[in-house]
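Working through the structure, step by step
Okay, here's what each chain looks like letter by letter:
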Amino acid sequence: LLFESARDAILIIRDGTVIDCNRQASVFFRVDHGTLTGMQILDLSPPAQPDGADSRDVYESMVTRIIAGDHPLITWRMLRPDGSTFDAEASLTRIDLDQTPCIQVAIRDITERLIADQELNEKTVELEAAYEELKAAEEELHVNLDRIVASQEQLAESEQKYRELADLLPQIVYECDPFGRITYANRQAYATFGYTPETAPPDLYVINLIIPSERDT
């Protein structure tokens, strides 16, 4: 009862030949019980596995281990009689029938699981590549920011030297914005117009320093 109700496909192998199988095996291999029994187990495997290993060599090396009592659990590509394939997880165990050693193979179709794993691996690679790009962009941003900060520091230093030089001149030197509001004046400018940096109005315009009668000329 357990043999027929199992969710895994089960094959009984004697001397490399399938001598019995359950209903699920017929479902997996898409043939009836009578067709499946009598087939060679290697007829249900492609000549080579996905890793390039020869299916016959691998199976024959396992038989010795299984007969000695080993219970290997392997990932194996199976071949259906119609030529299609599926990936399986197979558990191989020795059983004795009529005092003859046989091998019971329990097969679980893992094709969908392997596809999901492959898709997950591909997404992981894509995410890792995106992360590396993001990290490179962040590093480039830091470099650019450092350059901007250095340029601003150099500009501030140059401006300070300019103003120190302007303060030594006997001429009036000032700066204003596009609206005529004075943003900087040297010492001579303050002295000429009777201001100090502390007493100058915060919104002092150039026009305020011109005699009213001269403003329209």
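Notes on the structure follow.

A few points about the sheet that holds strand 5 (residues 100-109)
Taken in spatial order, the 5 strands line up as 2-1-5-4-3 in an open sheet, and their pairing is antiparallel. Two strands close off the open sheet at either side, each with one partner strand: strand 2 (17-21) and strand 3 (73-79). Recorded for the sheet is a direction-independent mean angle of 40° between the axes of neighbouring strands.

With respect to the side chain of Asn-22
The residue Asn-22 is located in the loop between strand 2 and helix 2 (23-29) in this model. A distance of 3.0 Å separates a polar side-chain atom of Asn-22 from the backbone nitrogen of Ala-25.

A few points about the layout of surface pockets
A volume near 170 Å³ is recorded for the largest pocket. As for the largest pocket, its lining consists of Gln-49, Pro-50, Asp-51, Ala-53, Val-58, Met-62, Ile-74, Thr-75, Trp-76, Arg-77, Asp-87 and Leu-114. Of all elements in the fold, only helix 4 (55-67) and strand 3 reach the threshold of two or more residues within the lining of the largest pocket. No other element matches the 4 residues that strand 3 contributes to the lining of the largest pocket. Here the residues of the lining of the largest pocket are counted per class, giving 7 nonpolar, 2 polar and 3 charged.

Details of the pairing of strand 7 (residues 182-185)
Of the strand pairs in this sheet, strand 6 (residues 174-176) and strand 7 are connected by 3 bridges, and their pairing is antiparallel. Along strand 7, the bridge assignment pairs Cys-176 with Ile-182. Counted between consecutive antiparallel strands, the loop separating strand 6 from strand 7 contains 5 residues, among which Gly-180 sits at a positive phi close to 90°.

Digging into unusual backbone geometry
Phi at Arg-30 takes a positive value of approximately 60°, unusual for a residue other than glycine. Tracing the chain through its elements places Arg-30 in the loop between helix 2 and helix 3 (33-36). A relative accessible area of 54% means that Arg-30 is categorised as exposed. Of note in this structure, Asp-98 is not a glycine but carries a positive phi near 55°. By relative accessible area, Asp-98 is classed as exposed at 73%.

Notes on the nonpolar core
Leu-11, Phe-29, Leu-36, Leu-44 and Ile-107 are the most contacted members of the largest nonpolar core, which totals 27 residues. Once residues lying within four places of it in the same chain are set aside, the contact partners of Leu-11 are Val-18, Asp-20, Cys-21, Ala-25, Phe-29, Leu-36, Ile-41, Leu-44, Ile-103, Gln-104, Val-105 and Ile-107. Listed in part, the 5 residues of the second largest apolar core include Ile-182, Ala-185, Ala-189 and Val-206.

Quick notes on the packing of aromatic side chains
Under the counting rule described, the total for this entry stands at 3 aromatic pairs. Ring plane angle 80° and centroid distance 5.8 Å describe the contact between Phe-28 and Phe-86, whose orientation is recorded as edge-to-face. Here the residue Phe-28 occupies a position in helix 2, and Phe-86 occupies one in strand 4 (residues 85-97), the gap between them amounting to 58 residues. Like Phe-28, the residue Phe-86 is buried in the burial classification. When the centroid spacing of 5.5 Å and the interplanar angle of 65° are considered together, the rings of Phe-29 and Phe-86 count as edge-to-face. Within this pair, whereas Phe-29 is found in helix 2, its partner Phe-86 is found in strand 4, the two being separated by 57 residues in sequence. The pair Phe-29 / Phe-86 is uniform in exposure class, with both members buried. Members of the aromatic cluster, connected to one another through ring pairs, are Phe-28, Phe-29 and Phe-86.

So, the pattern of salt bridges
For side chains of opposite charge, pairing can occur when their charged atoms come near one another. All chains considered together, the criterion is met by 14 salt bridges. The shortest N-O distance in the salt bridge between Arg-108 and Asp-8 comes to 2.9 Å. With a gap of 100 residues between them, Arg-108 in strand 5 and Asp-8 in the loop between helix 1 (2-5) and strand 1 (9-14) connect regions that are remote in the sequence. For Arg-108, a relative accessible area of 45% translates into the label partly exposed. Between Arg-163 and Glu-159 there is a salt bridge, and its shortest N-O distance comes to 2.9 Å. Linking Arg-163 with Glu-159, this pair stays in helix 5 (residues 111-168), spanning 4 residues, or about one helical turn. Each member of the salt-bridge network shares a partner with another, and the members are Glu-159, Arg-163 and Glu-175.

Each value, and the rule that gives it
Residues numbered from 1 in each chain as written. Predicted model: local features only at pLDDT ≥ 70, side-chain atom pairs only at ≥ 80, totals over all residues. Heavy atoms only, no water. Pairing = 2+ DSSP bridges. Helix = DSSP H or I, 4+ residues; strand = E, 2+ residues; numbered from the N terminus. Axes fitted to C-alpha atoms, helices over the stretch in contact; angles between N-to-C directions. Polar contact = N/O pair within 3.5 Å; in protein donor to acceptor, adjacent residues only side chain to side chain. 1 Å grid on protein atoms, 1.4 Å probe; cavity = no way out; pocket = protein on both sides within 12 Å on 5 of 7 lines; lining within 4 Å. Points joined across faces, edges and corners; volume = space filled by probe spheres on them. Nonpolar A, V, L, I, M, F, W, Y, C, P; charged D, E, K, R; others polar. Buried < 20%, exposed > 50% of the residue type's maximum accessible area, 1.4 Å probe, protein only. Core = buried A, V, L, I, M, F, W, Y, C linked by side-chain atoms within 4.5 Å. Contact = heavy atoms within 4.5 Å. Phe/Tyr/Trp six-rings, centres within 6.5 Å; stacked < 30°, edge-to-face > 60°. Salt bridge = Lys/Arg side-chain N within 4 Å of Asp/Glu carboxyl O.

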